[in-house]
Amino acid sequence: MTKLLGVLLLSTLVFADIKLPDNFQANFKQMITNTKEKVIHYKGKVAFSDEKLFKWSYLEPTQKEVCTDGLELLVVDHDLEQVSAYYIGKGIDIAKVLQKATLHSKNIYVAESNGKKYTIQLDDTQKLQSIAYYDELDNKVQIVFTKMKYAKGKLADDKMQCNYPVDYDVIRG
C-alpha cells in the first residue's frame, strides 16, 4: 500500500519548474526492486485530475484499481474480490516534495521529504516521464509513463472513481 502512496507524488499543478496540467492520462510501467534484486513488474493506466484525484488501473500481472481524492485511498483487488480503504492524512506531503524539487540535470529533478529521496524525470516536451524513490522497506520503486496526454479541465468524476461489485469485502484501515 505504501508503494501506492508514493505515486501520489503527482497531485499538484505547479511547483518548482515542474508544471502539470489540469489533467493527464497515460500508460505506466511500475518496477519494484527489493534488496535482493528481485523485480516485480506492473503495467496499467493512470488518470490525474483536479489537483488531487488519481486513478491507477493495474492491468498486469493482476487486475487492481487504486483511487484517491487526496484524503482517502481505495484499493480494489479484483482477484481477491476485496476493497481496502485507507485515510492518508499522514501520507506523503505531495506539495512539499514538489516544492523542494530542484533541477539536477537536464529534465531531471530531485527532492527530499521526510527522509525519502525522489527523482522526477520530464521528457523533452517537459511532460512527466518517470518517478523513482525508495519506500520504507528499502525497495526501489520506479514508475515510467508512456503515451502521456496532458489536457485542460477536469476529467469526469465517474472516470476517476474506483468501481466494484457490492459483494466485494470492504476493509477499512
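Values in this document were obtained by computation on a predicted structure and should not be read as measured data. The residue numbering used here restarts from 1 in each chain and proceeds along that chain's sequence as written. Local features in a predicted model are, by the rule used here, given only for residues with pLDDT of at least 70; side-chain atom pairs are given and counted only at 80 or more, and totals for whole chains, interfaces and linings are based on all residues. Side-chain metrics in this entry use all non-hydrogen atoms of the structure; hydrogen atoms and water are not considered.

### What to know about the sheet that holds strand β6 (residues 64-68)
No. 1: By this definition, two strands are paired if DSSP reports at least two bridges between them. Every helix listed is a DSSP run of H or I at least four residues long, and every strand listed is a run of E at least two residues long, numbered separately from the N terminus. Taken in spatial order, the 12 strands of this open sheet run β9-β10-β11-β12-β13-β3-β4-β5-β6-β7-β8-β14, and their pairing is mixed. Sheet topology places β9 (102-105) and β14 (169-172) at the edges, where each strand pairs with a single neighbour. For this sheet the average axis-to-axis angle between neighbouring strands, irrespective of direction, equals 20 degrees.
No. 2: In the sheet, strand β11 (residues 116-122) pairs with strand β12 (residues 128-134) via 5 bridges, with the strands oriented antiparallel. Pairing of Thr119 across the sheet is with Ala132, part of β12. The axes are straight lines fitted to the C-alpha atoms, using for helices just the contacting stretch, and the angles between their N-to-C directions are given from 0 to 180°.

### Quick word on the confidence of the model for the protein
No. 1: Every residue is assigned a pLDDT by the predictor, reflecting its confidence on a scale from 0 to 100. With 84% of its residues at a pLDDT of 70 or more, the protein shows a mean pLDDT of 84.
No. 2: A low-confidence stretch, residues 4-15 stays under pLDDT 50, and its non-local contacts, those more than four residues away or across chains, total 52 contacts. Residue contacts follow a heavy-atom distance rule, with two residues in contact if any of their heavy atoms lie within 4.5 Å.

### A few points about the state of the cysteines
No. 1: Defined by distance alone, a disulfide is two cysteine sulfur atoms within 2.5 Å. Counted according to the given criterion, the structure contains 1 disulfide.
No. 2: Here Cys67 is linked by a disulfide to Cys162, with a sulfur-sulfur distance of 2.0 Å. An S-S torsion of about 100 degrees defines the bridge between Cys67 and Cys162 as right-handed. One end of the pair, Cys67, is in strand β6; the other, Cys162, is in the loop between α3 (157-160) and β14, and 95 residues separate them in sequence. Cys162 carries the same exposure label as Cys67, and that label is buried. Three labels apply to residues, based on accessible area from a 1.4 Å probe with only protein chains included: buried if under 20% of the type maximum, exposed if over 50%, partly exposed otherwise in between.

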